[in-house]
Amino acid sequence: MSISDRILMPFTLPNGVELKNRLLMAPMTTCTGINNGMVSAELVEYYRVRAGSIGTVIVECCFIDNKGLAFPGAIGIDDDDKIAGLAQIARAIKSQGSKAILQIYHGGRMVEPELIGGRSPVAPSAIAAPREGAAKPLALTAEQVEYTISQFGDGVRRAIAAGFDGVEIHGANTYLIQQFYSPHSNQRSDRWGGSRDKRTRFPLAVLDITHRMAREYADDAFIIGYRFSPEELEEPGIRFDDTMYLLEKLADRGLHYLHFSMGYFLRPSIVDTGDSRPLIEKYIAMRSVKLAQVPVMGVGGVVNKSDTDLALEHGYDLVAVGKACIAYPDWTDRIASQQILELFIDSTQREALTIPEPLWRFSLVDAMIRDMSLSAKKFKPGVFRQKVQDADTQLMINVSLETDRITDITLEPDASADVAFVTSFDTIRSRILDANSPHVDAVSGATTQSEAVKKAVAKALAISCKAQIVAEGGNPTEAQRYDVVVIGSGGAGLAAAIQASDDGASVLIIEKMPTIGGNTIKASVGMNAAETRFQKLKGIVDSKAQFYQETLKGGNFKNNTQLLNRFVQQAPQAVEWLAERGIELNDITITGGMSIDRTHRPADGSAVGGFLISGLVKNINKRSIDLMLDTSVSEILYTDGAVSGVRVINDDQEQQTIISKSVIVASGGFSANSAMVVKYRPELAGFVTTNHQGATGGGIALLEAIGAATVDMGEIQIHPTVEQQTSYLISESIRGGGAILVNQQGERFFNEMETRDKVSAAIIGLAEKYAYIVFDEQVRLKNKAADEYLARGFVVSADSAAGLAGELNIDAATLQQTLARYNGFVADQCDTDFGRKTALRQPISQGPFYAIRIAPGVHHTMGGVVTNEDSAVLDAQNQLIPGAFAAGEVVGGLHGSNRIGGNAVADIIIFGIQAGSHAAKYARR
Ligand code: ADP
């Protein structure tokens, strides 16, 4: 067998336990402990994703005493209440098929007083560590020494109770156990100090109690390892022959492995600098037959398979891998498949790699982070002071910039800052620093504050950029050049920008609002597509032809069939396109007008809009795509028979020209422009709209000015279920989840799953012109949106149907009869009153019962500019306007006279991708 194969082959420890390979994840500080050393959920996940192919995971050191933690965020095993959390880690690791070992320690004099509430650390003797600012410790009394040993024993007992396969005694890194062996830190004159032999007593006593606990609470399979530092620099200090002396004694007592603690597994002596021989060679040469029976593990600097080969060649039996396992959770699989790895972490990948936030900031990881999200822009280094302003707050922040990155953001102390702001600031600050971009998700519950901070950081970046251009002798007002300019940062614009960038184009997104996401961010239900992988996984049999027919029927046969055909054909690829970019819509529901579950949404059933925009923006950051907020396109430039750029104006009224070869208009619809709505549909005067205030249809006018034709402008959809006080849309997923609509008499009046136009007309036809969506606990449990509506105060609830009727001023008997009758239809799967055929999911019978009062609101404008199926804009003669592309709600025709729920998100992604691709191709032709 070659050395190469050996590392991945099983290995048997002296107690007969078989490790499935010779690889171990090294114990590494994560600083992720919470509440005095408890385990957090993200720490459990961190270990879970790293277990699996690697034979063993050694979990970071746990302090056995609350005076023993050597760094912030350490986790502990000092109390029985820590067992449950640690058990979650053990279970997570073992569930993936790896062995789980826990390292236990006490920091001794290496503990900083501020970590232990200002108390003095303890040590064998009252001698401070030889480093600047080290506190002088208190010498442990003989009684305390015995007690500390018993605490190690308790730690072992708890590790066993938590389900670990073994413990590693941390006798290295100048922590307490090593301090007892060191002639520098241990100058005791009792039985625990003095001669070298006496100094071995404490480490041996810890090993003895570990064995005792293993015998008492576990069985022979319990693994006991010991980590040691081979030398120390202190004078006097532990030298290599001292180490060999201790190790021989430990081996006599019985051990299952020794862990050679060094920064590089082939490191030579740090004391005898004239000797270049790796210490492992000296170790192999000097060890006794007895010691040779204890497997030895190397650590430090292992990144590739070649490193593991080298370690085995030098006599190590086992290899521990540290940083590479953080950077590559599936490291073992990678080296098994001969991948050559470089040790760095993409700055945008923290979440994808399941690296807890505190670990991300820890020097060990920080040094590995490589910034992949940087714009090509150069900043002028320095600290840029900016005002953060929202309705309630005005504070100052300082944004520190290096030439290529944001290095820090600090809030200037201000007595007027409220606690909520300061708390949310910390979170948004971390997000911005992580992404190295102001374009990050707002902190939930503190959206306006987050947006204000993001805006201030973006301003600081813009000012610094301009300053740098001036410093380099350039002219900051000179027109910038891009291959592709995208107007609008909704789903269509972001998808287009990502695709154009992936196709090699330089891209700029221009958004007139202060935030990213357009109306898309409000989308709730999901994305329709037929014949997708996710449908197949759920056993849903669907066909593109049926999707086509139902959309056509829903659109009253007015749809542009060329667009519709492309739409239906491309939908499954678009779902995959998103999944490949980390945006998985793998849960499936149904909307009105569709006969099959084909509306794809996030796994947890949450609203699609925020999820989609958040994922798309991460992709924008990753690709360094430039983005201007608060900047409106006032004109599309057209010269020599083709689009040549745009004129923009920002919120400081500064105008600018941007030169580009193609322009993608993804500016959304015009539902929020009531004058425009009423121009085409006078009867909609006074209707509320569900749309964001930026949906004013400006993009249509921009394109009309360069000759674009429009179509279906009067086809304006009203959504049937809008909460009227707030104009908040109540998602179709509630009806799709099994809710019904009742009138003020408590009676159903229409098929709730009909298309939006028909349901809206039925509600407007009621004398009261509103209705109630009624549902029960079962519907709520399956729809996250329902909880949001509850939180927003839209929902009336009661324990019983009669109680609900009382709250709504409806006759209780009528509502009960309505529910009983509907529940009968669910049982028969046949609605003989109104012909509802879908979403007859379950009876509405489990309290609490809920109702939301709704009426229609303007929701979607189906009309817009004319494009061909390649998203190229056409003029009145059906001729291409060179360089002009459009996608999303700004385009007319696809939906005919009524858009089906779930088809807008599909529209923006499918045609966004396509517009991006064709615009990039045109620009680079
Ligand atoms: P879609 O669903 O088609 O992607 P959205 O409504 O989600 O459309 O997004 C369109 C975005 O375009 C909105 O954020 C809107 O503010 C922005 N927008 C509209 N007109 C302009 C303009 N003239 N300049 C810049 N951005 C614009």
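Residues numbered from 1 in each chain as written. Predicted model: local features only at pLDDT ≥ 70, side-chain atom pairs only at ≥ 80, totals over all residues. Heavy atoms only, no water.

## Notes on the overall build of the protein chain
Under the convention used in this document: Numbering of helices and strands runs from the N terminus; a helix is a DSSP stretch of H or I covering at least four residues, while a strand is a stretch of E covering at least two. Whether two residues are in contact is decided by their heavy atoms: any pair within 4.5 Å suffices. Note on areas: these come from Shrake-Rupley sampling with a 1.4 Å probe, and a residue is covered only by the protein chains present in the view. Positive charges come from Lys and Arg, negative ones from Asp and Glu, while His and the chain ends are left out of the count. The location of each charge is read from NZ of Lys, CZ of Arg, CG of Asp or CD of Glu.
Scanning the protein chain for helices and strands turns up 31 helices and 37 strands. Along the longest, intermediate and shortest principal axes, the C-alpha atoms of the protein chain span 100 × 75 × 65 Å. Here the analysis covers contacts within the protein chain between residues at least 6 apart in sequence; of these, 71% occur between residues at least 24 apart. Accessible area for the protein chain stands at about 35,200 Å²; split by element, carbon and sulfur atoms hold 49% of it. Across the protein chain, the 89 positively charged side chains and the 107 negatively charged ones have centroids separated by 2 Å.

## Some remarks on the packing of aromatic side chains
The geometry of an aromatic ring pair is captured by two quantities: the separation of the ring centres and the angle between the planes. We count it as follows: Centres within 6.5 Å make a pair out of two Phe, Tyr or Trp rings, where for Trp the six-membered ring is used; the pair is then stacked when the planes are under 30 degrees apart, edge-to-face when over 60, and tilted otherwise. Under the scheme applied here, a residue whose accessible area is under 20% of the maximum for its type counts as buried, over 50% as exposed, and between as partly exposed, the area being computed with a 1.4 Å probe on protein chains only. For a Lys NZ or an Arg CZ to count as sitting over a ring, it must be within 6 Å of the ring centre and within 35 degrees of the ring normal.
According to the stated counting rule, one finds 20 aromatic pairs in the structure shown. With a centroid separation of 6.3 Å and 25° between ring planes, the pair formed by Y789 and F794 is classed as stacked. Y789 gets classed as buried once you look at its relative accessible area, which sits at 2%. Taken together, the ring pairs connect F228, F240, F260, Y264, F265, Y283 and Y316 into an aromatic cluster. Across from the ring centre of Y245, 4.0 Å away, lies the NZ or CZ of R196, which sits over that ring.

## Some remarks on the site of the ligand
So the rule is basically this: The rule for a residue being near a molecule or strand is that one of its heavy atoms must lie within 4 Å of it. N or O atoms closer than or at 3.5 Å make up a polar contact, with two conditions inside protein: a donor-capable atom paired with an acceptor-capable one, and, for residues adjacent in sequence, both atoms drawn from side chains.
Around the ligand, 25 residues are found, and the nearest of them are A492, E511, G518, T520 and E889. Contact between the ligand and N519: an oxygen atom at 3.0 Å from a main-chain N or O atom of the residue. Elements with a minimum of two residues in the shell around the ligand: α18 (491-502) and β25 (631-639).

## Topic: the packing of helix α2 (residues 41-50) against helix α3 (residues 83-95)
Inclusion rule: Geometry is summarised by axes, namely lines fitted to C-alpha atoms with helices restricted to the contacting stretch, and by angles between N-to-C directions that run from 0 to 180 degrees. Any angle that falls under 35 degrees is termed roughly parallel, while one over 145 is termed roughly antiparallel, one within 65 to 115 roughly perpendicular, and all others oblique. With the far helix as reference, a near helix turned anticlockwise by less than a right angle produces a left-handed crossing, and one turned clockwise produces a right-handed crossing.
Between α2 and α3, the shortest axis-to-axis distance is 8 Å and the interhelical angle comes to 25°. For the element pair α2 / α3, the angle class is roughly parallel. As α2 runs across α3, the sense of the crossing is right-handed. Side by side, α2 and α3 meet where L43, V44, Y47 and R48 of the first sit next to Q88, I89, A92, I93 and S95 of the second.

## What to know about the sheet that holds strand β22 (residues 587-589)
What counts, and what does not: Strand pairing is defined by DSSP finding a minimum of two bridges between the two strands.
Reading across from one edge, β21-β23-β22 is the order of the 3 strands in this open sheet, with antiparallel pairing throughout. Here the strands that pair on one side only, and so sit at the sheet edges, are β21 (527-528) and β22. Pairing of β21 with strand β23 (residues 599-601), which is carried by 2 bridges, proceeds in the antiparallel orientation. Note that in β23 the partner of N528 across the bridge is T599.

## Let's talk about the pattern of salt bridges
Put simply, the test is: The term salt bridge refers to a side-chain nitrogen of Lys or Arg lying within 4 Å of a carboxyl oxygen of Asp or Glu.
Applying the stated criterion to the full structure yields 47 salt bridges. Here D542 ties to R598 by a salt bridge, and the two come within 2.8 Å at their closest N and O atoms. You can see D542 sitting in the loop between α19 (533-537) and α20 (544-554) and its partner R598 sitting in the loop between β22 and β23, a full 56 residues away along the chain. As far as burial versus exposure is concerned, D542 and R598 are alike and both buried. Residues E683 and R681 are paired through a salt bridge, measuring 2.6 Å at the closest nitrogen-oxygen approach.

## Describing the UniProt feature "domain: FMN-binding" (unreviewed entry) in the protein chain
Filter applied, for reference: UniProt positions are given in the numbering used here, feature names are shortened, and annotations may be inferred rather than shown by experiment.
According to UniProt, the positions carrying the feature "domain: FMN-binding" (unreviewed entry) are residues 389-464. Here residues 389-464 runs as 46% helix and 20% strand, with 20 Å between its end C-alpha atoms.

## Overview of helix α7 (residues 201-217)
Every α-helix winds through 3.6 residues per turn, so residues three or four apart in the chain are directed the same way. Note the cut-off: What a helix is expected to span follows from its residue count: subtract one and scale by 1.5 Å.
With 17 residues, α7 should reach 24 Å at 1.5 Å per residue; the first-to-last C-alpha distance of 24 Å fits that figure. Along α7, the positions that sit buried rather than exposed are F202, P203, L204, A205, V206, L207, I209, T210, H211, M213 and A214.

## Comments concerning the side chain of S185
Tracing the backbone through its elements, the reader meets S185 in the loop between α5 (176-181) and α6 (196-199). Overall, S185 belongs to the buried group, its relative accessible area being 1%. For S185, the residues in contact, after removing those within four places along its chain, are R109, P124, S125, I127 and Q179.

## Some remarks on the environment of E45
Relative to the helices and strands, E45 resides in helix α2. The exposure class assigned to E45 is partly exposed, which follows from its relative accessible area of 32%. Sequence spacing of E45 and L250 is 205 residues, and the spatial spacing of their C-alpha atoms is 35 Å.

## A few points about the sheet that holds strand β16 (residues 382-389)
With antiparallel pairing, 3 strands are arranged side by side in an open sheet as β16-β17-β18. Two strands lie at the open edges of the sheet, namely β16 and β18 (406-411), each paired on one side alone. Along the sheet, successive strands turn relative to each other by an average axial angle of 25°, direction set aside. Judged from the 5 bridges that link them, strand β17 (residues 394-401) and β18 form a sheet pairing that is antiparallel.

## A closer look at the nonpolar core
The test is simple: The definition of a nonpolar core used throughout is a set of buried Ala, Val, Leu, Ile, Met, Phe, Trp, Tyr and Cys residues joined through side-chain atoms within 4.5 Å.
Counting 101 residues, the largest nonpolar core has I636, V646, L703 and I909 as its most contacted members. For this core, the element with the highest residue contribution is helix α31 (residues 903-923), accounting for 12 residues. Sequence-distant contacts of L703, that is, excluding residues within four places in its chain, are made with I636, V665, A708, V865, V873, A884 and A886. I104, I238, W331 and M368 belong to the second largest nonpolar core, which has 98 residues in total.

## Topic: the pairing of strand β26 (residues 642-650)
In terms of residue burial, β26 counts as a mostly covered element, since 7 of its 9 residues are buried. Of the strand pairs in this sheet, β25 and β26 are connected by 8 bridges, and their pairing is antiparallel. Counterpart to L637 in the pairing with β26 is G645.

## Describing the environment of L578
Within the fold, L578 resides in helix α21 (residues 561-580). Considering only alpha carbons, one finds L578 and L616, 38 residues apart in sequence, at a separation of 8.5 Å. Residues in contact with L578, not counting those within four places in the same chain, are M527, I583, L585, L612, L616 and I909.

## Some words on the pairing of strand β19 (residues 480-487)
Applicable threshold: Throughout, right-handed denotes a crossover for which the path from the first strand over the helix to the second runs clockwise when the strands point away from the viewer.
Counting buried positions over the 8 residues of β19 gives 6, a clear majority of the element. Relative to strand β27 (residues 655-665), β19 runs parallel, the two sharing 7 bridges. Note that in β27 the partner of V484 across the bridge is S662. Looking at chain direction, β19 and strand β20 (residues 507-510) are connected through 4 bridges and run parallel. Bridge pairing in β20 places V484 opposite V507. In this view, the connection linking β19 to its parallel neighbour β20 by way of α18 has right-handed handedness.

## Details of the side chain of T308
Relative to the assigned elements, T308 resides in helix α11 (residues 305-313). Assessed through its relative accessible area of 0%, T308 is described here as buried. Dropping the residues within four chain positions of it, T308 is found in contact with I7, L23, V302, V319 and W331.

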